Amino acid sequence: MDLVEVLPQRLHMLRFPIGQAYLWRDGEALTLIDSGHVGAGAAIEQAVRSLGLGPERLERIVLTHCHRDHVGAAEELAARWGAQVVAHRLEAPVIRGELPVPEPDLLDWELPLYAHGLTVPQAPPTRVDREVEDGEVLPFGDGAVVVHAPGHTTGSIGVHLPRHGVLFAGDCIAGVGQVMLGVFNVDRAQARASFRRLAALSPSVACLGHGGPLTENTAAALIAAAQSEPALP
């Protein structure tokens, strides 16, 4: 796992072989956005300690959606350090293991990528302590706004920190090679609408589930990419 500083004293990216998570800091209080794969807990704890912080200050883990590369270490970390696990109301039953992970509507070119993604170990059932809805505000980042962004999965969310110009987009937006709609969507039309909604927030920093964070000309890049999405047949 690589630890990458995005905003000094505030935001770091935790980059795994597949996917990534983000660590937000309010003083010594910590929030993790997504959690990486099963077994990543020890590496995350080590990364936190390397910043001179204690993992016991991890107050919450916000899960953008139910996929294994985002949820895998959440249960381990929450159980060890007492962090609150947060997810959208529609995603919570899947994360808990009460409903199956929804199957995406794959395009032909996505098939090998999806097969590679399934090499990540399956996530265990994970508790969700707080179920959120669109527009709810979470107590970090001077007011973190939940943005329901369905399409990748039904309960996918973005998390917007308007006072800092930061957007956590989960897998709604990807940045691998170019800024683009995220892959493996259950509803591509909804996903495109969510992409446009997130782009309209005009963040100065966009933290993506796959691909490096966008830190320059971010708002323009997101809007251009959202507008360039081809119409559905």
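Higher on the page you've got the structure.
As the structure is a computational prediction, the values presented were derived from the model and not from experiment.

(A) Structural detail: the environment of A21. By the element assignment, A21 lies in strand β3 (residues 20-26). Note on A21: relative accessible area 0%, which makes it buried. Each C-alpha atom, one on A21 and one on H70, is 7.2 Å from the other, the two residues being 49 residues apart in sequence. If we skip the residues at most four places from it in the chain, A21 touches H12, M13, L14, F16, L32, I33, D34, S35 and G36.

(B) Summary view of unusual backbone geometry. The backbone of D142 shows a phi angle near 60°, a positive value even though the residue is not glycine. The backbone phi angle of S202 is positive, close to 50°, even though this residue is not glycine. Along the chain, S202 falls in the loop between α6 (188-199) and β14 (205-208). Assessed through its relative accessible area of 41%, S202 is described here as partly exposed.

(C) Local environment of the pattern of salt bridges. Taken as a whole and assessed by the stated rule, the structure comprises 13 salt bridges. Where D134 meets R197, a salt bridge forms, and the shortest distance between an N and an O atom there is 3.0 Å. With D134 in the loop between β7 (130-132) and β8 (137-138) and R197 in helix α6, the pair connects residues that are 63 residues apart, well separated along the chain. R192 is the partner of E229 in a salt bridge, and the nearest nitrogen-oxygen pair spans 3.0 Å.

(D) Structural view of the side chain of H67. Within the secondary structure layout, H67 lies in the loop between β5 (58-62) and α2 (68-71). A relative accessible area of 15% places H67 in the buried class. Within the structure, H67 has its side chain in polar contact with the side chain of H65 (distance 3.4 Å).

(E) How the structure looks around the nonpolar core. The biggest cluster of nonpolar side chains holds 27 residues, and the ones touching the most others in it are L32, I44, I61 and L63. Within the residue set of this core, elements represented by two or more residues are β3, β4 (29-33), α1 (41-50), β5, α3 (74-81), β6 (84-88) and α4 (92-95). The contacts of L32, once residues within four sequence positions are left out, are L14, A21, Y22, L23, I44, L58, R60, I61, V62 and L77.

(F) Focus on the pairing of β4. By the criterion of burial, β4 is predominantly enclosed, with 5 of the 5 residues buried. Sheet topology places β3 next to β4; 5 bridges connect them, and they run antiparallel. Within β4, the residue paired with D26 across the bridge is A29. Where β3 hands over to β4, the hairpin turn is made up of 2 residues, of which G27 adopts a positive phi near 65°. As paired strands, β4 and β5 are joined by 4 bridges and run parallel to one another. The residue of β5 that forms the bridge with T31 is R60.

(G) Region of the structure containing the environment of L63. Along the polypeptide, L63 turns up in the loop between β5 and α2. We classify L63 as buried; its relative accessible area is 1%. Sequence-wise, L63 and T154 are 91 residues apart; in three dimensions their C-alpha atoms are separated by 13 Å. Setting aside chain neighbours within four positions, we find L63 in contact with D34, S35, H70, V71, A74, V85, V86, A87, I95 and I157.

(H) Local environment of the sheet that holds β6. Strand order in this open sheet of 7 strands is β1-β2-β3-β4-β5-β6-β7, and the pairing throughout is mixed. Because the sheet does not close on itself, it has two edges, and the strands there are β1 (2-7) and β7. If you compare each strand with its neighbour and ignore which way they point, the axes differ by 25° on average. Contacts between α3 and the sheet are confined to β4, β5 and β6, with β5 contributing the most and set at about 160° to the helix.

(I) Just the pairing of β1, in detail. Relative to strand β2 (residues 11-15), β1 runs antiparallel, the two sharing 5 bridges. Within β2, the residue paired with L3 across the bridge is L14. Where β1 folds back onto β2 in an antiparallel hairpin, the turn is made up of 3 residues, including Q9, whose phi is positive at roughly 65°.

Parameters at a glance
The numbering scheme is per chain: residues are counted from 1 as the chain's sequence reads. Owing to the predicted nature of the model, reporting of local features is limited to residues with pLDDT of at least 70; listing and counting of side-chain atom pairs is limited to 80 or more, with chain, interface and lining totals taken over all residues. Hydrogens and water molecules were not included; the side-chain quantities draw on all heavy atoms of the structure. For helices the rule is a DSSP run of H or I covering at least 4 residues; for strands it is a run of E covering at least 2, with both sets numbered from the N terminus onward. Whether a residue is buried, partly exposed or exposed follows from its accessible area with a 1.4 Å probe, protein chains only, as a fraction of its type maximum: under 20%, in between, or over 50%, in that order. Residue contacts are defined here by distance: any two heavy atoms, one from each residue, within 4.5 Å place the two residues in contact. In the sections that follow, a salt bridge refers to a side-chain nitrogen of Lys or Arg positioned within 4 Å of a carboxyl oxygen of Asp or Glu. Definition of a polar contact: a pair of N or O atoms within 3.5 Å, with one able to donate and the other able to accept a hydrogen when the atoms are protein atoms, and with sequence-neighbouring residues admitted only if both atoms are side-chain atoms. Definition used in this section: a nonpolar core is a set of buried Ala, Val, Leu, Ile, Met, Phe, Trp, Tyr and Cys residues joined via side-chain atoms within 4.5 Å. For two strands to count as paired, DSSP must find a minimum of two bridges between them. Orientation is described by lines fitted to C-alpha atoms, with helices fitted over the stretch in contact, and by angles between N-to-C directions that extend from 0 to 180 degrees.

All we've got here are geometric facts, nothing functional implied.
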